[in-house]
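Report on the structure
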Amino acid sequence: MAEAAHDSPRQRGPLVGGIQDAPAGRENDLLAIELARFAVAEHNTKANALLEFERLVKVRLQVVAGCMHYFTIEVNEGGAKKLYEAKVWEKAWENFKQLQEFKPAA
């Protein structure tokens, strides 16, 4: 019992509200791909761009009032493949999704 008193939060599990890598294979999940395609389409509309979704490279998640999805997305931009980072806020029970950020990957 004395051992439990010395456990740090990192030893007990992930920090609530922290950004975490999604489980392996999530980049192939149809719902994640749908949200990533949504991010590209929203960016194209807002920026008058013509990016084409190629594939979802990486998924990270953060539990907020809903779920914040952090995507690394490969797109076709004028024949060149480029990586972008997108942040999509989703509240599935309200049928709500909103592109928060879309930028070239660093």
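Before reading on, note that the structure itself is shown above.
Residues numbered from 1 in each chain as written. Predicted model: local features only at pLDDT ≥ 70, side-chain atom pairs only at ≥ 80, totals over all residues. Heavy atoms only, no water.

On a plain count of helices and strands, the protein comes out with 2 helices and 5 strands. Taken over 106 residues, the protein has a buried fraction of 32%. Of the contacts made within the protein by residues no fewer than 6 positions apart, 40% connect residues no fewer than 24 positions apart. Carbon together with sulfur atoms contributes 52% to the accessible area of the protein, which is approximately 7,300 Å² in total. (Helix = DSSP H or I, 4+ residues; strand = E, 2+ residues; numbered from the N terminus. Buried < 20%, exposed > 50% of the residue type's maximum accessible area, 1.4 Å probe, protein only. Contact = heavy atoms within 4.5 Å. Areas by Shrake-Rupley, 256 points an atom, 1.4 Å probe, with all protein chains shown as cover.)

Direction of pairing for strand β1 (residues 20–21) relative to strand β2 (residues 52–64): antiparallel, over a ladder of 2 bridges. Following the sheet pairing, Q20 is matched in β2 by L61. Across 11 bridges, β2 lies against strand β3 (residues 66–77) in antiparallel orientation. Each residue of the ladder has a partner; that of V63, found in β3, is C67. Turn length for the β2-β3 hairpin, with the two strands adjacent in sequence and antiparallel, is 1 residue. (Pairing = 2+ DSSP bridges.)

Throughout the structure, instances matching the rule amount to 2 aromatic pairs. Ring geometry for W89 against F96: centres 5.0 Å apart, planes inclined by 80°, an arrangement best described as edge-to-face. Positioned over the ring face of Y70 is R60, at 5.5 Å from the centre of the ring. One Lys or Arg, K91, reaches over the ring of F96 and ends 5.0 Å from the middle of that ring. (Phe/Tyr/Trp six-rings, centres within 6.5 Å; stacked < 30°, edge-to-face > 60°. Lys NZ or Arg CZ within 6 Å of the ring centre and 35° of its normal.)

Turning next to the pattern of salt bridges. Taken as a whole and judged by the stated rule, the model has 7 salt bridges. When the shortest N-O distance is used, the salt bridge between E34 and K97 registers 3.7 Å. Of this pair, E34 sits in helix α2 (residues 30–47) while K97 sits in strand β5 (residues 96–104); the two residues are 63 residues apart in sequence, bridging distant segments of the chain. Under the relative-accessibility criterion, K97 is labelled partly exposed at 34%. (Salt bridge = Lys/Arg side-chain N within 4 Å of Asp/Glu carboxyl O.)

The next thing to look at is the environment of R55. Take R55: it is sitting in strand β2. The class for R55 is partly exposed, based on a relative accessible area of 43%. C-alpha separation for the pair R55 and V75, spaced 20 residues apart in sequence, amounts to 7.1 Å. Those residues within four positions of R55 in sequence are excluded, and the remaining contacts are I73 and E74.

This paragraph deals with the sheet that holds β3. Within the open sheet, the 5 strands sit side by side as β1-β2-β3-β4-β5. Their pairing is antiparallel. The sheet is open, and its two borders are formed by β1 and β5, each paired with just one other strand.

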